[in-house]
Amino acid sequence: MLRCLSTHLFLKERLHPGLLELTARSGAEAVEIFAARQHFDYTSREHVHELAVWFASNSLQPWSMHAPLYPDREMGRAGAHPVNVLHPEKSRRIDAMDEIKRALETAEHLHFKNLVVHLGERMDTWSPRAQEHALTALEHLDAFAQPLGVRLLAENILNEPTTPEHLMEIFALGHLTRIGVCLDVGHAHISGGVVDAIDTLGSRIGSVHIHDNHAVRDEHLWPGDGTGGMIDWPSTMDALKALPETPACVLEIHYNLSETPASITEKARAAFERLA
């Protein structure tokens, strides 16, 4: 199991080498970079170069990048539209794919292996049109990602188009054999059950977002640390380890938990041990 930490935990800060060093000290072998402009400005040549230089001389792997959810530096609070490749308006879908491609282009320098993408927004509904837009987006982005050596991973978010069953339907209809899934365990816990999601998605799972909740809100808590959360981690890990290849496990913890560097190191190491 590849131990990975998402920089989602540091989303309020500019991503810099010091945070990557903290990630490495926390027991992670790899990192998922969260592409939010106030955190990682994928449009800044200088910022990309700064991180690329650090990765070139350190052992922490750039495993994946989470595609942007908003095109601005304020996560939509100033009125920017979400990045939504399933939006009913064609211009909005085109803008969304262009924004994702801007982030994806940084693979030329950062050499991450996977791009985690959202299909739609929270509470979007399933329809033939949503299926068509999902197919178009995945085909288009995959064609852009292949020359960069990047695999797309569609995440199960809290909406109908990305239920495990609908993701598998999209893949089958489009013969999308190269595209995988980033299974978000917390989302699966809220929307239908973790072990059932693993059974449905099977070998399509290339990466797993690990965090805990109480099956009501998407809280992004530390997994199984005794302070909250209701996910059955032993059965979850048994199901993941039974897959043909154990996927990378990415701790995706909420940035509002006010963790200190010392607590991050302690809690991340403890989480990786519990998941082993």
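Since the structure is predicted, the reported quantities are computational estimates derived from the model, not experimental observations. (Residues numbered from 1 in each chain as written. Predicted model: local features only at pLDDT ≥ 70, side-chain atom pairs only at ≥ 80, totals over all residues. Heavy atoms only, no water.)

Asks: Help me understand helix α6 (residues 164-174), please; the structure alone is not making it clear to me.
Replies: Given 3.6 residues to a turn, an α-helix orients residues that are three or four positions apart in the same direction. Inspection of α6 places Pro 164, His 166, Leu 167, Ile 170, Phe 171 and Gly 174 among the buried residues, and these make up the whole buried set. The inward-facing, buried residues of α6 contact α5 (128-145), β5 (151-155), β6 (180-184) and α8 (194-201). In the stretch just after α6, His 175 is the one whose phi turns positive, near 50°. (Buried < 20%, exposed > 50% of the residue type's maximum accessible area, 1.4 Å probe, protein only. Helix = DSSP H or I, 4+ residues; strand = E, 2+ residues; numbered from the N terminus. Contact = heavy atoms within 4.5 Å.)

Asks: Honestly, the pairing of strand β1 (residues 3-6) in this entry has me stumped. Any pointers?
Replies: Every other side chain in a regular strand lies on the same face of the sheet, so the side chains alternate between the two faces. Sheet analysis places β1 next to strand β8 (residues 248-251), joined by 3 bridges and oriented parallel. Its bridge partner being in β8, Arg 3 is matched across the sheet by Cys 249. As paired strands, β1 and strand β2 (residues 30-34) are joined by 3 bridges and run parallel to one another. Across the sheet, residue Leu 5 finds its bridge partner in β2, namely Val 31. (Pairing = 2+ DSSP bridges.)

Asks: Sorry, what's going on with the sheet that holds strand β3 (residues 61-66) here?
Replies: Pairing in this closed barrel of 8 strands is parallel, and the strands run β1-β2-β3-β4-β5-β6-β7-β8 around the ring. In this sheet, adjacent strand axes meet at a mean angle of 25° when their direction is disregarded. Packed on one face of the sheet, α8 meets β6 and β7 (205-210) and runs near 175° to β6. (Axes fitted to C-alpha atoms, helices over the stretch in contact; angles between N-to-C directions.)

Asks: What should I look at first to understand the packing of α8 against helix α9 (residues 233-241) in this one?
Replies: For any two helices packed against each other, the geometry is given by the interaxial angle and the distance between the axes. Between α8 and α9, the least distance of the axes is 9 Å, while the angle of their chain directions is 5°. The pairing of α8 with α9 is recorded here as roughly parallel in orientation. Between α8 and α9, the contacting residues are Val 194, Val 195 and Ile 198 on the first element and Ser 235, Thr 236, Ala 239 and Leu 240 on the second. Looking at the contact of α8 with α9 residue by residue, the class counts come to 5 nonpolar, 2 polar and no charged. (Parallel < 35°, antiparallel > 145°, perpendicular 65-115°, else oblique. Nonpolar A, V, L, I, M, F, W, Y, C, P; charged D, E, K, R; others polar.)

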